[in-house]
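This is what each chain is made of:
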Amino acid sequence: MLSSKVIFTERDLAPFFIPPKMLWVSQLKNLQFPFWNPHNYCGIPLLATLQPGIFYPPHIFYLVFPFNIVWNWLVILHFVFAAATMYAFLRFMKVSHPGSTVGGAVFMLAGYLLSVHNLLPHLFGVAWFPLILLYFLKYFESERQRHLILASIFLVIQFLAGAPEIVILTGIVLVITIFFLGAILDKDIPLRSRVKGLVLLGVIVVLLSGIQLTAFYELHRYSIRSAGLSYASATTWSFAWKDFIQFFLPDFFGYQQTIEKYWLNQSWLKTLYLGIGPLLFSVLFFAKGGRTRWFFLGLVVFSLVLGLGGNTPVYKLLHKIPPFNSVRYPVKFLFLLFFALSAMTAMGLDILRKGIAYKDRTVRRIVLVFFYSGFLCALGWAFLNFRYNEITAFLEHRNIRPPLFNDIWFNLHNAKRFLLFSFVLCTGIFLYLELRAKRIVLGFIAAVLVADLFLANYGFYGSASWRWFKTPDAFAKVLADNRETERFMVSVKTEDDLNSILLGKDLLVAPYAAVHGLYGIGGAEVMRIDHQDKYLRLFNCVKNIREARNLLDIGGVKYAILSYPVENDQFRLVKKEALNDKEVYLYEYRGYPGRFLFFSNARYFTDDNEVMLRIIDQGFDLKRELIISGQPRPGLARNPRAKGAVTLVSYEPAKVVLTSRCEGNGFLYIGDTWYPGWRAYVDGRRTKVYRANLAFRAIEVPAGEHTVVFAYVPISFYAGCILTVFGMILSTWLWRKGPKIRDPILKNEKLL
């Protein structure tokens, strides 16, 4: 991994994050601003989708160093960065160096971050959370506005990392924090000043993030998420009550064993392991932690309520409140639990040290309870070792095995490891009480705690050769060798039959189209454009590929990748391969009309449902007639029998140049996604861009020969740039205005 000859490719990393990052890096290196992705979903915004993280500051290294090196090292270094930010936060909370180091290590090595490394924006975003909270608190402690500005900047960076759910939860935590400032800072701060600071932070964040926020907001309005998600969809992968055991026995139920278990259970976090250490030190902190403990306990409870999702009645109420109705996988909110437990571990370690130094009776009693508990763990470990066969037979008889649970040997191995580390750690804490060599024993405790987390969570990642990943093979190579502007498609049935995201990279090519410069109608994106998604779902409404010819025609599809053979003159077999012991076929659609067409006539419909019925109607020929969404308006007089042709001059991500030659007035159709910001010019004169054939673009063209230019000019982005400039001006002014809060209430308090 360090040499980057092998890259991280766990689950979503390969299809969702590597291709769009490679695309925007390539576009910038070619001096093209990465506004648009023409390779997936017949075209989709690139900058607005958040997944690529174009404005995330550390991504600048992609423009300087090889992609694979930056990719791996950003993943690795964000673990270190998370530990460093946690350490800095704990030092601000007056935790000792040893305690802060242990707290940072727990935050870095616990199951959450290791699980979400395959969801890169979440790994990046969570790593900034301690720093945001630190400077937000520092603002109220020092009364310096620069600290609030720094908190705002870090919150904007968290948003630019690409995980809006983490930003939302961070904002909620900041709201909660203002009610606990007295307990955290041991300082009386008027409510008015607290609200003022929070509002000012919100204003600065909205303005500074404008460069990304406005484009993202526009995409959200036109995406499948605009109307929210159903309750069932929003609560997919909720943390189940039974999953609490996974804090101590990783992957106890074997959710990764089958695709059915994967989707029916919480599989978003592959490992939740915390071990006994954070629990023990959190008990110490809660017993002797003062008023601050209520803040961290509140974060734990709040995180669990959100993470449990559909398993509590509370989420039914939350689902009615934006943005929770647009967020899937509630288990992601458990990051707050891991943060709080990491902090309580560090503070609990300090309480242990101080309590023993000052001979605190409560601490001594708790340590003795830990020791006796560790002795019981040792007995349990011995029992599992010496009665292994009998226990295995018992578990077999009780059906505590697949398919409902993980393999017996796996769970018993984890149980023995957990009991052994628990015994060693409890013994170490007891020795710290009894021995004089406190530093040596403290180092031993820290080493055991870190080793426990590392060994339990190590290995929960996937990898692949970088050379293999970037080199096309099989179907991808065939399509790349014949690359022009035609598109390919992978049927839904094929994706379901084969179900191989990474191994099928060169056969089920859709998510990797941008890597090889191909054009597809599918991909891997959660913020899909709504009318484009409707077009894709129409493939589920036809019986087979032969009845999908209208869909192929309007999408400019020339190649189809299928998991079943087709006997039809319109489809020529190009290549056959095997994947997961099943055959996969690449067909060429001989009826391919092209992506740039002339139509002499069109029909207008205001209802998308009626348009969709027309498209799947086998008696309706979309090669002859165009469907326009909207009301007809006075335009050019058209000859229904006029003929014409459209020739491609140049094709760039955000600009397409065509030549139209036609006998009479008509429509020029381009099989690319309609989206706000796309403008069209006929011989330099701007003309209206219609949404045609449900999801695509068309314009009116007069008779004769004309040059037509489609250009993507996202006004939302430029409006966001203006907001960001205002945010920079406001931040600079506040920074230079003065070091202290100009609040008369606080001023009067100081005089008193």
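Provided above is the structure to which this section pertains.
The structure contained in this document is the topic of the report that follows.

Procedures and definitions
- Residue positions are given per chain, counting from 1 as you read along its sequence in written order.
- Totals for whole chains, interfaces and linings use all residues, but because this is a predicted model, local features are given only for residues with pLDDT of at least 70 and pairs of side-chain atoms are given and counted only at 80 or more.
- Hydrogens and water molecules were not included; the side-chain quantities draw on all heavy atoms of the structure.
- Strand pairing is assigned whenever DSSP detects at least two bridges linking the two strands.
- Secondary structure counts use DSSP, requiring at least four H or I residues in a row for a helix and at least two E residues in a row for a strand, with both numbered from the N terminus.
- Only the stretch in contact is used when a helix axis is fitted, and all axes are lines through C-alpha atoms; the angle between N-to-C directions ranges over 0 to 180 degrees.
- Note on contacts: a residue pair qualifies if any of its non-hydrogen atoms lie within 4.5 Å across the two residues.
- Here, a salt bridge means any Lys or Arg side-chain nitrogen found within 4 Å of an Asp or Glu carboxyl oxygen.
- Patches in this entry comprise residues that are over 30% relatively accessible and not in a salt bridge; like charges within 9 Å are linked, as are nonpolar side chains (Val, Leu, Ile, Met, Phe, Trp, Tyr) within 5 Å.
- Where accessible areas are quoted, they stem from the Shrake-Rupley method and a 1.4 Å probe; at the residue level, only the protein chains shown are allowed to cover.
- Residue burial is assigned from relative accessible area. The probe radius is 1.4 Å, only protein chains are included, and a residue is buried under 20% of its type maximum, exposed over 50%, and partly exposed in between.
- Take the residue count of a helix, subtract one, and multiply by 1.5 Å to get its expected span.
- When the sulfur atoms of two cysteines come within 2.5 Å, that pair is taken as a disulfide.
- In what follows, roughly perpendicular refers to angles from 65 to 115 degrees, roughly parallel to angles under 35, roughly antiparallel to angles over 145, and oblique to any angle outside these ranges.
- Crossing handedness is read from the near helix: turned anticlockwise from the far helix by less than a right angle, it gives a left-handed crossing, and turned clockwise, a right-handed one.
- Residue polarity is assigned by list, with Asp, Glu, Lys and Arg as charged and Ala, Val, Leu, Ile, Met, Phe, Trp, Tyr, Cys and Pro as nonpolar; anything else, Gly included, falls into the polar class.

**Regarding the sheet that holds strand β6 (residues 557-562)**
Step number 1: Taken together, the four strands give an open sheet; going across it, the order is β5-β6-β8-β7, and neighbouring strands pair in mixed fashion. Two strands bound the open sheet, and with one partner strand each, they are β5 (487-490) and β7 (571-579). Pairs of neighbouring strands in the sheet enclose a mean axial angle of 20°, with direction left out of account.
Step number 2: Helix α22 (residues 474-481) contacts β5, β6, β7 and β8 (582-589) of the sheet and is inclined by roughly 145° relative to β7.

**Considering the pattern of salt bridges**
Step number 1: Within this structure, the stated rule accounts for 27 salt bridges.
Step number 2: Ionic pairing is found between E141 and K94, a salt bridge with its closest N-O pair at 3.9 Å. On the criterion of sequence distance, the pair formed by E141 in helix α5 (residues 120-142) and K94 in the loop between α2 (67-92) and α3 (97-109) is long-range, its members being 47 residues apart.
Step number 3: Through salt bridges that share partners, D530, K534, D608 and R691 make up one connected network.

**Examining a nonpolar patch on the surface**
Step number 1: Together, V175, F179, L191, V195, V199 and V203 line one region of the surface with nonpolar side chains, adding up to about 520 Å² of accessible area.
Step number 2: Among the elements that take part in the nonpolar patch, helix α9 (residues 191-208) stands out by supplying four residues, more than any other.
Step number 3: By the secondary structure assignment, V199 is in helix α9.
Step number 4: Using a relative accessible area of 49% as the deciding quantity, one classes V199 as partly exposed.

**Quick notes on helix α7 (residues 164-177)**
Residues separated by three or four positions in an α-helix point in the same direction, a consequence of the helix having 3.6 residues per turn.
Step number 1: The end-to-end C-alpha distance of α7, which contains 14 residues, comes to 20 Å, matching closely the 20 Å that a straight helix rising 1.5 Å per residue would cover.
Step number 2: For α7, the set of buried residues is E165, I166, V167, L169, T170, V173, L174 and T177.

**Examining unusual backbone geometry**
Step number 1: Look at the link from P322 to P323: it is a cis peptide, with omega at 5°.
Step number 2: P403 follows P402 through a cis peptide bond whose omega is 15°.
Step number 3: Relative to the elements of secondary structure, P403 occurs in the loop between α18 (388-397) and α19 (408-434).
Step number 4: With phi around 50°, N693 is a residue other than glycine that occupies positive phi space.
Step number 5: Counting through the fold element by element, N693 comes out in the loop between β17 (690-692) and β18 (696-701).
Step number 6: Of note in this structure, L694 is not a glycine but carries a positive phi near 80°.
Step number 7: Residue position: L694 is located in the loop between β17 and β18.

**Observations concerning the sheet that holds strand β13 (residues 655-662)**
Step number 1: Strand order in the open sheet formed by five strands is β12-β13-β19-β15-β16, with antiparallel pairing between adjacent strands. Across the chains shown, the open sheet's two edge strands, defined by having one partner strand only, are β12 (644-652) and β16 (685-687). Each strand of the sheet is rotated relative to its neighbour by a mean of 25°, with strand direction disregarded.

**Some details on the state of the cysteines**
Step number 1: Counted under the stated rule, the structure contains zero disulfides.
Step number 2: The cysteine C426 is free of any disulfide, with C377 supplying the nearest cysteine sulfur at 5.8 Å.
Step number 3: With relative accessibility at 2%, the residue C426 sits in the buried group.
Step number 4: The thiol sulfur of C541 is not disulfide-bonded, and the nearest other cysteine sulfur, from C42, lies at 17 Å.

**Some remarks on the packing of α18 against α19**
Step number 1: As a packed pair, α18 and α19 sit with axes 11 Å apart at the nearest point and diverge in direction by 125°. Relative to α19, the element α18 is oriented oblique. Here the hand of the crossing between α18 and α19 comes out right-handed. Packed against α18, whose contacting residues are Y388, I391, T392, L395 and E396, the element α19 presents I408, W409, L412 and K416 at the interface.
Step number 2: Residues that form the contact of α18 with α19 fall into these classes: six nonpolar, one polar and two charged.

In short, geometric facts, not functional conclusions.
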